[in-house]
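Remarks on the overall topology
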Amino acid sequence: MPAISASAPGKVILCGEHSVVYGFPAIAIPVFQVQSRTAVFAMPGAAAGEVRVNAPAIGLLRKLNDMDPTDPLRQTIELVHEELGIDHFPSCEIRISSSIPAGSGLGSSASVTVATLRALSSFLGKPFNDSQVNRLAFEIEKLHHGTPSGIDNTVITYQKPVFYRKDFPIELLEVNAPMHLLIADSGVAASTAEAVRGVHFRWQKDKAAYDKIFTAIGNLVLSTRELLETGRLEGLGDLMNQNHRLLQELQVSNRELDQLVSVALTAGAKGAKLSGGGLGGNIIALVEKEQIESVTNALIAAGAAQVIHTQLPFVRGMK
Ligand code: PMV
C-alpha cells in the first residue's frame, strides 16, 4: 500500500506577537520555503495495532506505546483516535520530517502537528477538514507552549495570511501588492513559552505600562492590515520598526536580534523587527526586490545562521 502523506508550511508573525496573547490582533503569514511532512505507511506484517513513530531528525524511532504519554507527538496520534472514535489503529509507521528549525519562531511544532493530523486522518479514510485540524492542533500547541494564542496553528492550517484575534472568527487576508520579506535566523534557539511567561510576569508587576504597549502594538496591527489590503506598502517598514521598538520595551528582544535588525536597516531594508516569541529565533526585514541579495549578504556577514526570502502574495513554485 503506498504511503499517505501530508505537508504543512512554516510561518512568521508579521506583527502583533505577545500582545496577541492578551486579546489584541496579530497578523501571520505562511512560509512555504520551509515545511514539514508526515507520511503514513501500512505495515501489514507487523503485530496487530503496532504503531511505530519515526522522526530521524530528532533521533526518534519508537513504538507509540513505548513513548512518554505526555509526548506531544504521542498525544497528537491519540487525539486522532479520540476524534475519530477509533479503538485500534491499523499497524503502521508514521514518518515525520521537517526543514523548519525548532525554537526559531517559524512554527515548527504547529507545522508538524498539522501535517500529522492531516496524514493520519487521511490514512484512516476520514480526512479532517480545516476547522478540525485547527482545533486539534491548538490542543497540541498548548502542550508545547503553555498558553498559546492559537495564531500558529491557524495560519499553518489555512496556509493564508491571517488576521488573528483570540476568540474572534478567523479572517484570511489578501495582500494586494508584491511584498518581499527576508527572514533571518539569529541562530539562538529560544523557548516561546519562556518568553511568554516572562512577559506575563512583568505584566503582572506593571499592568498599566504593559497594557499601554499592547494597545500600541494592536493599533500598529490594524494599520498594517489596512496597508496590506490596499496594497500601499510604503508605510509598512515604518510600522515594523515601531513594532520592534515596542517589543524591545516588552524585553523580548536581545543583542543578537537588535544587531540583525540594525544591519538589515543599514543595508537598505524598509523596516525590520523580531518575529515570534523573541529572545532568539528570527527577525524579518521588508525589502524591495532589488535589495534582496544585498540585504541577505549583509545579514549573513553579520552572523545570521540562515536567511529565507519569501514573497506575498505567494507564487507557487517560487523558492
Ligand atoms: O515564537 P512563535 O513564532 O511560535 O510565536 C509566538 C507568538 C507569541 O505571540 C509570542 C505567542 C503566541 O502564542 O501567540
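Below is a summary of the structure that appears in this document. This structure is a prediction, so every number in the text was calculated from the model and none was measured.

Quick notes on the pairing of strand β2 (residues 26-42)
- Taking burial as the measure, the 17 residues of β2 include 13 buried ones, the bulk of the element.
- Sheet analysis places strand β1 (residues 4-15) next to β2, joined by eleven bridges and oriented antiparallel. Opposite alanine 8, over in β2, you have serine 36 as the bridge partner.
- As judged from the three bridges shared by β2 and strand β6 (residues 162-164), these two strands associate in the antiparallel manner. The residue bridging alanine 26 from the neighbouring strand is tyrosine 164, located in β6.
- Where β2 meets strand β5 (residues 92-98), seven bridges bridge the pair, whose relative direction is antiparallel. Its bridge partner lying in β5, threonine 38 is registered against isoleucine 96.

Side note on the site of the ligand
- Surveying the vicinity of the ligand reveals 15 residues, the closest of which are Lys11, His18, Ser149, Thr192 and Gly277.
- Between aspartate 152 and the ligand, the recorded distance is 2.9 Å, taken from a side-chain N or O atom to an oxygen atom.
- A distance of 2.8 Å is found between an oxygen atom of the ligand and a backbone nitrogen or oxygen belonging to glycine 277.
- Compared with its free state, where it exposes 380 Å², the ligand has 95% of that area covered by protein.
- Within the residue set of the shell around the ligand, elements represented by two or more residues are β1, α4 (151-158) and α5 (192-205).
- Looking at the shell around the ligand residue by residue, the classes come out as six nonpolar, six polar and three charged.

A closer look at the sheet that holds strand β10 (residues 282-287)
- One open sheet holds the four strands; their spatial order is β9-β10-β8-β11, and the pairing between them is antiparallel. Each end of this open sheet is capped by a strand with a single partner; those strands are β9 (271-275) and β11 (306-312). With strand direction ignored, the average angle separating the axes of adjacent strands in the sheet is 25°.
- Inspection of the sheet shows β9 paired to β10 by five bridges, in the antiparallel sense. Across the sheet, glycine 271 pairs through a bridge with leucine 286, a residue of β10.
- Along the sheet face, helix α8 (residues 255-266) touches β8 (179-185), β9 and β10 and points at about 160° away from the line of β9.
- In the packing of helix α9 (residues 292-301) onto the sheet, contacts are made with β8, β10 and β11, and the angle to β8 comes to roughly 10°.

Overview of the packing of helix α3 (residues 130-145) against α4
- Packing of α3 against α4 brings their axes to within 9 Å, and their N-to-C directions diverge by 150°. For the element pair α3 / α4, the angle class is roughly antiparallel. α4 is crossed by α3, and the crossing has right-handed handedness. Residues Asp130, Ser131, Val133, Asn134, Ala137, Phe138 and Glu141 of α3 lie in contact with α4, whose contacting residues are Asp152, Asn153, Thr154, Thr157 and Tyr158.
- Classifying every residue of the contact of α3 with α4 by side-chain character gives four nonpolar, five polar and three charged.

Describing the pairing of strand β4 (residues 60-63)
- Pairing geometry for strand β3 (residues 51-55) and β4, over four bridges, is antiparallel. When the sheet's bridge partners are listed, alanine 55 is paired in β4 with leucine 60.
- In textbook terms, the turn of a hairpin is the stretch between consecutive antiparallel strands, and for β3 and β4 this stretch comprises four residues, one of which, glycine 59, has a positive phi near 65°.

Examining the side chain of serine 36
- Structurally, serine 36 is set in strand β2.
- By relative accessible area, which is 1% here, serine 36 ends up buried.
- There is a polar contact of 3.3 Å between the side chain of serine 36 and the backbone nitrogen of valine 112.
- Residue contacts for serine 36: discarding those within four places in its chain leaves Ala6, Ser7, Ala8, Ser97, Ser98, Ile100, Ser111, Val112 and Ala115.

Comments concerning unusual backbone geometry
- The residue glutamine 159 is not glycine, and still its phi comes out positive at about 55°.
- Along the chain, glutamine 159 falls in the loop between α4 and β6.
- Residue classification places glutamine 159 among the partly exposed residues on the basis of a relative accessible area of 26%.
- Non-glycine residue glutamine 251 carries a positive phi angle of around 65°.
- Mapping glutamine 251 onto the fold places it in the loop between α7 (236-249) and α8.

Concerning the environment of alanine 55
- By the element assignment, alanine 55 lies in strand β3.
- Residue class for alanine 55 comes out buried when judged on its relative accessible area of 4%.
- On a C-alpha basis, the gap between alanine 55 and arginine 95 in space is 5.8 Å, while along the polypeptide they are 40 residues apart.
- If we skip the residues at most four places from it in the chain, alanine 55 touches Leu60 and Ile96.

About the thresholds
Residues numbered from 1 in each chain as written. Predicted model: local features only at pLDDT ≥ 70, side-chain atom pairs only at ≥ 80, totals over all residues. Heavy atoms only, no water. Buried < 20%, exposed > 50% of the residue type's maximum accessible area, 1.4 Å probe, protein only. Helix = DSSP H or I, 4+ residues; strand = E, 2+ residues; numbered from the N terminus. Pairing = 2+ DSSP bridges. Near = heavy atom within 4 Å. Polar contact = N/O pair within 3.5 Å; in protein donor to acceptor, adjacent residues only side chain to side chain. Areas by Shrake-Rupley, 256 points an atom, 1.4 Å probe, with all protein chains shown as cover. Nonpolar A, V, L, I, M, F, W, Y, C, P; charged D, E, K, R; others polar. Axes fitted to C-alpha atoms, helices over the stretch in contact; angles between N-to-C directions. Contact = heavy atoms within 4.5 Å. Parallel < 35°, antiparallel > 145°, perpendicular 65-115°, else oblique. Left-handed = near helix turned anticlockwise from the far one by under 90°.

Interpretation note: all reported values are geometric properties and have no functional meaning in isolation.
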